[in-house]
Amino acid sequence: MKLSIQQGVNGRWRSRWTFIFAAAGSAVGLGNIWKFPYIVGENGGGAFVLVYLACIMAIGIPIMMAEVMLGRRARLSPINAMLHLSRESKVSHWWSGVGWSGVLAGILILSFYSVVAGWAFHYLMLAMSGDFYQIEAQSSGALFSGLLSNIPALISWHTLFLLITLGIVAGGVVKGLGTAARYMMPVLLLLLMVLVIYSAAVGDFASALSFLFNFNTQALQWNSVSVALGHAFFTLSLGMGAIMAYGAYLPDTKISIGRTVLVIGILDTFVAIMAGLVIFPIVFANASVEPSAGPGLLFVSLPIAFGGMTAGSFFAALFFFLVVIAALSSGISMIEPTVSWLVETKGISRLKITALLGVAVWLVGLGTVFSFNVWSDVTLFGSTFFDALDFLTANIMLPLGGLFIAIFVGWVMKPSFVAEEIGDIRRGLYRCWYFILRYVSPVLLGLVFCITLFNKLSS
Ligand code: TRP
């Protein structure tokens, strides 16, 4: 295949910290604030958290380093990066399949992500009109189910979220996102602290702590391991090229990938744990909210907390505003690999590409909207459209993408190339990372993947 690709047309970050903020902006999102608490609740708490933390450290962070490295070495969008690097190491161009699966995964994930971000938009409006004032657990539950059956509202918010996300992407990620993420992250962290303190004061903090950190591994099921692994990929934005695309915009080659990635991983994990410490004290203080409430957990429990708080409406509005912003900076990274690829390869304008992709994502998103109301009975392998999409992307496509990335960097790429990019960390650490990537990650990923498939097919 002939290629007339243009390296670097998509820009460069201004500094190492801009990259950190942008990548953290991608990582920190609905996955941390909305998904993490509810899957912890559904999977019984502590043991699940332990497996999740192990997955982040043993698989997530090493693979994130690999992704950033691939992007920076090639300085191209994921599909072209894999083409370029496989040529450099003289192996089959089929490795670009990693990029292709990422394109598909990005579109699918954004389609349901946008619907959920839409809920946060709706809650922002409710907060601003004071609807949470002194709300009880039951009416909070009713408020959320009311939203799920309100199709016009769901579609409007989904549309608005996509328009903003794609608007930023159309303007170029480096310019648009770099600065925004710099302000957002500190405010988000601050607000989470305030909320944790509030939850600790009014909620059942002790129960929440023991639920999250009581590592009772007996209760652990295989399915939970698969969910934990999938979520490690989801929350770090791994396995589909988002981080690879961002790595391609790193300003210079002297930046330590290991140290940079560590900052991002720690930040992401911290936000998830904090979100848990905000939500669970409230859940355990209100008998009618179950930890296993599912996707509605955040939206049902938080209004109760805000409703009883002085200046609660203000804080609630601020919080949901931040959730929307966090979701935006994540949503952008789902579509950037595809957009940057089309810009490089075809030279089409960003505006045209994003408009086209937007229509596609919007249409797929309707499936998620309907899965909460008119299609709630339509199931595939026992899951609704939304659950099936979530499972297909987080539990299959992302870990599989990660597996191929680990194999590529660990076994296929010339070791000297790898050392050139990552070798600036201490020798022992480097060896450890390389070992994990060659043996630990592929074996664990392969194993969990087989079990996941087996369980799904036999259920
Ligand atoms: N990490 C984000 C979150 O936790 C979601 C996300 C952004 C993502 N980009 C991604 C997930 C790419 C998978 C792949 O909300």
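In this report, the structure presented in the accompanying data block is examined. (Residues numbered from 1 in each chain as written. Predicted model: local features only at pLDDT ≥ 70, side-chain atom pairs only at ≥ 80, totals over all residues. Heavy atoms only, no water.)

### A closer look at the packing of aromatic side chains
No. 1: Here the structure, examined in full by the defined rule, presents 36 aromatic pairs.
No. 2: Taking 4.8 Å as the distance between ring centres and 75° as the angle between the ring planes, the aromatic pair formed by Trp-100 and Trp-341 counts as edge-to-face. Of this pair, Trp-100 sits in helix α5 (residues 97–128) while Trp-341 sits in helix α14 (residues 312–346); the two residues are 241 residues apart in sequence, bridging distant segments of the chain.
No. 3: On the basis of relative accessibility, which here comes to 12%, the residue Trp-341 falls in the buried class.
No. 4: Between Tyr-113 and Phe-234, the aromatic rings sit 6.2 Å apart at their centres with planes inclined by 50°, giving tilted as the arrangement. With Tyr-113 in helix α5 and Phe-234 in helix α10 (residues 222–235), the pair connects residues that are 121 residues apart, well separated along the chain.
No. 5: Arg-438 extends its terminal NZ or CZ atom over the ring of Trp-411, reaching a point 3.9 Å from the ring centre.
No. 6: Lying across the ring of Phe-391, Lys-456 places its NZ or CZ 4.4 Å from the centre. (Phe/Tyr/Trp six-rings, centres within 6.5 Å; stacked < 30°, edge-to-face > 60°. Helix = DSSP H or I, 4+ residues; strand = E, 2+ residues; numbered from the N terminus. Buried < 20%, exposed > 50% of the residue type's maximum accessible area, 1.4 Å probe, protein only. Lys NZ or Arg CZ within 6 Å of the ring centre and 35° of its normal.)

### Focus: the site of the ligand
No. 1: By nearness alone, 17 residues border the ligand, and Gly-31, Tyr-113, Phe-234, Ser-237 and Ser-333 come closest of all.
No. 2: Measuring from a nitrogen atom of the ligand, one finds a backbone N or O atom of Ser-26 at 3.1 Å.
No. 3: The separation between an oxygen atom of the ligand and a polar side-chain atom of Asn-32 is 3.4 Å.
No. 4: A total of 360 Å² of accessible area belongs to the ligand in isolation, and the protein chains cover 100% of it.
No. 5: Listed by contribution, the elements that provide at least two residues to the shell around the ligand are α1 (16–27), α2 (30–42), α5, α10 and α14.
No. 6: Its residues assigned to classes, the shell around the ligand shows nine nonpolar, eight polar and no charged. (Near = heavy atom within 4 Å. Polar contact = N/O pair within 3.5 Å; in protein donor to acceptor, adjacent residues only side chain to side chain. Areas by Shrake-Rupley, 256 points an atom, 1.4 Å probe, with all protein chains shown as cover. Nonpolar A, V, L, I, M, F, W, Y, C, P; charged D, E, K, R; others polar.)

### Quick word on a nonpolar patch on the surface
No. 1: Among the surface-exposed residues, Leu-50, Leu-209, Phe-213 and Phe-215 lie close enough to one another that they form a single nonpolar patch of about 300 Å² accessible area.
No. 2: Turning to its location among the elements, Leu-50 is positioned in helix α3 (residues 46–74). (Patch = residues over 30% accessible without salt bridge, like charges linked within 9 Å, V, L, I, M, F, W, Y side chains within 5 Å. Salt bridge = Lys/Arg side-chain N within 4 Å of Asp/Glu carboxyl O.)

### Observations regarding the packing of helix α7 (residues 151–170) against α14
No. 1: Running from N to C, α7 and α14 point in directions that differ by 55°, and their axes come no closer than 9 Å. In terms of orientation, α7 and α14 fall into the oblique class. Seen from above, α7 lies across α14 with right-handed handedness. Of the residues in α14, those in contact with Phe-161, Ile-164, Thr-165, Leu-166, Ile-168 and Val-169 of α7 are Val-324, Ala-327, Leu-328, Gly-331, Ile-332, Ile-335, Glu-336 and Val-339. (Axes fitted to C-alpha atoms, helices over the stretch in contact; angles between N-to-C directions. Parallel < 35°, antiparallel > 145°, perpendicular 65-115°, else oblique. Left-handed = near helix turned anticlockwise from the far one by under 90°. Contact = heavy atoms within 4.5 Å.)

### Examining the packing of α5 against α14
No. 1: Where α5 meets α14, the axes come as close as 9 Å, and the angle between the chain directions of the two elements is 165°. In terms of orientation, α5 lies roughly antiparallel with respect to α14. Where α5 crosses over α14, the two elements pack in a sense that is left-handed.
No. 2: By residue class, the composition of the contact of α5 with α14 is 23 nonpolar, five polar and no charged.

### Quick notes on the environment of Phe-299
No. 1: Its location among the elements puts Phe-299 in helix α13 (residues 297–307).
No. 2: In this structure Phe-299 comes out as buried when scored by relative accessible area, which is 0%.
No. 3: For the pair Phe-299 and Pro-415, spaced 116 residues apart in sequence, the C-alpha separation works out to 48 Å.

### Overview of the side chain of Ser-226
No. 1: Relative to the assigned elements, Ser-226 resides in helix α10.
No. 2: Excluding its chain neighbours within four sequence positions, the residues that come into contact with Ser-226 are Asn-395, Val-448 and Thr-452.

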